[in-house]
Amino acid sequence: MVSASSPPSKVMEVQSDKKWGDNGPSRNAKWWYSTFHSVTAMIGAGVLSLPYAMAYLGWVPGSLMLLLSWCLTLNTMWQMIQLHECVPGTRFDRFIDLGRHAFGPKLGPWIVLPQQLIVQVGCDVVYMVTGGKCLKKFMEIACTNCTQLKQSYWILIFGTIHFFLSQLPNFNSVAGVSLVAAVMSLSYSTIAWVACLGRGRIDNVSYAYKQTNTPDLMFRVCNALGQIAFAFAGHAVALEIQATIPSSPEKPSKVAMWKGAIGAYIINAICYFPVALVGYWTFGRDVDDNVLITLERPAWLIASANLMVFIHVVGSYQVYAMPVFDLIERMMIKRLNFSRGLTLRLVARSSFVAFTLFIGVTFPFFGDLLGFFGGFGFAPTAYLLPSIMWLIIKKPKRFSLNWFINWVGIYTGACIILASTIGGFRNIIADAATYKFYT
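Predicted model, so just to flag it, every value in this text is computed and none were measured.

Peer 1: How would you explain the packing of aromatic side chains if you had to name every residue and give the values?
Peer 2: Taken as a whole and assessed by the stated rule, the structure comprises 13 aromatic pairs. Centre to centre, the rings of tyrosine 52 and tyrosine 56 are 5.3 Å apart; their planes meet at 80°, and the pair counts as edge-to-face. Of this pair, tyrosine 52 and tyrosine 56 both sit in helix H4 (residues 50–57), four residues apart, which is roughly one turn of that helix. Per residue, the accessibility class of tyrosine 52 equals that of tyrosine 56, and both read buried. Here the aromatic rings of tyrosine 317 and phenylalanine 352 are separated by 6.4 Å at their centres, their planes lie at 50°, and the arrangement is tilted. With tyrosine 317 in helix H14 (residues 299–336) and phenylalanine 352 in helix H15 (residues 342–362), this residue pair connects regions lying 35 residues apart in the sequence. Take tyrosine 317 and phenylalanine 352: they sit in the same class, and that class is buried. Of the aromatic side chains, those joined through ring pairs into one cluster are Phe399, Trp403, Trp407 and Tyr411.

In structure tokens, the structure reads:
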């Protein structure tokens, strides 16, 4: 670990160790790269489940939870950006690097790495399911006379695409894919709430809690908290995105990254709040866990939105997979004596894609997966860990506003973790009991 007093040679040694794929540290990204990378990372499958989460939380609790989450995660995103270069001369290019600095070289990786991997792997599993389901829905609407394939086949088709895209070397090489994905996220989110608004409220719409027994309702409410947490998931790759931006004493990377993050959160609000509120207003408690599936007309518009979701999650998968690829490749080089090159990428990255594809085909429970991963992995990285690391590293004055906000984030994150992990896991078990696998 490099301290503020480390000699320049040592600092440069640590800097040069920040490898990204085959091409080393690529630090030529512009500030707007961080905007569409962050949009691609944050806005995805989660936005489509927000009306469903509202159906279990209700108007007031659901709206307040959504607003609180937006504010708290914007604050923790700012903290992550500030901590990227909190030690002069050193850039913490990965979440695990910052974890070592905050918690110590031995304890840090055990605290940070599992949470980050849960987010990244969990996101990619959910995107496997989402991509396959949306592609299936698009084909059903676009070609009514075609022989329809099983859902598992569509997930396999989505996964096959990533066996090829995963060979792109680093973050900057997927910038074009990420830009298209960001545009798609804004487009299908707009289509979702405009189509709901145009349709109007369904007959006999009800905003009462869904009809179910009390224990099941409690678990579903807990799962809904996780679905909201899943919607704010960009923190797990924030440092990796910032690592691609050049930095100097005159123009530190935190300035450009924060500008990009503000843009991403504005787009986030434009997408999230209308979809959640208008979708719930239209369907009430009868909304599905994917609002696009609930919508059926106009058919061409819904088909277009599903295709846009498919294109978006193609980019989102790669944004979350790139740090995992880097980690796997470094381990294979260190422990198995692999050399950098095509063979390493083929083995490491194809294995990861195959793993997420297998889990996605086996457990295609969209809403339950959102809740479980939202609580188990996303809440710690978006609410909990940034606030804890800020308190440890920056040491704000006790009972100051900054200190108070961080503790609110910590307690909120802890509640979401406990409730939504239990709720999501229970719902996966309940749904798996009646599901026919690989059909």
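Peer 1: Talk me through the UniProt feature "transmembrane region" (unreviewed entry) in the protein chain; I want residue IDs and the actual numbers.
Peer 2: The positions UniProt marks with the feature "transmembrane region" (unreviewed entry) are residues 56–74, 152–168, 174–197, 261–281, 301–325, 346–366, 372–392 and 404–429. What you have in residues 261–281 is 100% helix and 0% strand, and the ends, taken at the C-alpha atoms, are 30 Å apart.

Peer 1: So what about the packing of helix H7 (residues 107–142) against H15? Which residues, and what values?
Peer 2: One can describe the packing of H7 onto H15 by two numbers: an axis separation of 8 Å at closest approach and a directional angle of 60°. If you check the angle between H7 and H15, you find them oblique. Like other packed secondary-structure pairs, H7 and H15 cross with a definite hand, here right-handed. On the side of H7, the interface is formed by Val121, Asp124, Val125, Met128 and Val129, while H15 contributes Phe352, Val353, Phe355, Thr356, Leu357, Ile359 and Gly360. Class assignment for the residues of the contact of H7 with H15 results in nine nonpolar, two polar and one charged.

Peer 1: Could you give an account of unusual backbone geometry, naming the residues involved and the relevant values?
Peer 2: Its identity is not glycine, yet asparagine 337 carries a phi of approximately 60°, on the positive side. Tracing the sequence through the fold places asparagine 337 in the loop between H14 and H15. The exposure class of asparagine 337 is exposed, given its relative accessible area of 67%. One non-glycine residue, lysine 395, adopts positive backbone phi at about 50°. Examined against the element boundaries, lysine 395 turns out to sit in the loop between helix H16 (366–394) and helix H17 (401–432). For lysine 395, a relative accessible area of 60% corresponds to the exposed category.

Peer 1: Summarise the nonpolar core; cite the residues concerned and give the values.
Peer 2: Core analysis: the biggest nonpolar cluster contains 97 residues, and Val47, Leu50, Ile228, Phe232, Tyr272, Val291 and Tyr383 have the highest contact counts within it. Looking at this core element by element, the count peaks at 15 residues for H14. In contact with tyrosine 272, not counting residues within four places along its chain, are Met42, Ile43, Val47, Leu50, Leu66, Ala231 and Phe232. Counting residues in each nonpolar core, the second largest holds 14 residues, with Met80, Phe95, Leu98 and Val112 among its members.

Peer 1: Describe the pattern of salt bridges, and please don't skip the residues or the numbers.
Peer 2: According to the stated counting rule, one finds six salt bridges in the structure shown. Between glutamate 140 and lysine 136 there is a salt bridge, with the nearest N and O atoms lying 2.4 Å from each other. Highlighted residues: glutamate 140 and lysine 136, both in helix H7, separated by four residues, approximately one helical turn. Taken together, the shared-partner salt bridges connect Arg94, Asp97, Arg100, Asp326 and Arg330 into one network.

Peer 1: Tell me what's going on with a nonpolar patch on the surface, and back it up with residues and numbers.
Peer 2: A grouping of Trp59, Val60, Leu64, Leu197 and Trp281 is seen on the molecular surface, where their side chains present a nonpolar patch of about 480 Å² in accessible area. Considering each element in turn, the nonpolar patch owes the most residues, three residues, to helix H5 (residues 59–83). Along the chain, tryptophan 281 turns up in helix H12 (residues 253–283).

Peer 1: Residues and numbers for the confidence of the model for the protein chain, please.
Peer 2: Taken as a whole, the protein chain shows an average pLDDT of 80; of its residues, 86% reach a score of 70 or greater. Here helix H1 (residues 8–16) stands out as the least confident element of the protein chain, with mean pLDDT 38; H5 is the most confident, with 91. Low pLDDT (under 50) marks residues 1–25, which in the prediction has 50 contacts with non-local residues, meaning those over four places away or in another chain.

Rules used in this analysis
Residues numbered from 1 in each chain as written. Predicted model: local features only at pLDDT ≥ 70, side-chain atom pairs only at ≥ 80, totals over all residues. Heavy atoms only, no water. Phe/Tyr/Trp six-rings, centres within 6.5 Å; stacked < 30°, edge-to-face > 60°. Helix = DSSP H or I, 4+ residues; strand = E, 2+ residues; numbered from the N terminus. Buried < 20%, exposed > 50% of the residue type's maximum accessible area, 1.4 Å probe, protein only. UniProt positions renumbered as here; feature names shortened; annotations may be inferred. Axes fitted to C-alpha atoms, helices over the stretch in contact; angles between N-to-C directions. Parallel < 35°, antiparallel > 145°, perpendicular 65-115°, else oblique. Left-handed = near helix turned anticlockwise from the far one by under 90°. Contact = heavy atoms within 4.5 Å. Nonpolar A, V, L, I, M, F, W, Y, C, P; charged D, E, K, R; others polar. Core = buried A, V, L, I, M, F, W, Y, C linked by side-chain atoms within 4.5 Å. Salt bridge = Lys/Arg side-chain N within 4 Å of Asp/Glu carboxyl O. Patch = residues over 30% accessible without salt bridge, like charges linked within 9 Å, V, L, I, M, F, W, Y side chains within 5 Å. Areas by Shrake-Rupley, 256 points an atom, 1.4 Å probe, with all protein chains shown as cover. pLDDT = per-residue confidence, 0-100.

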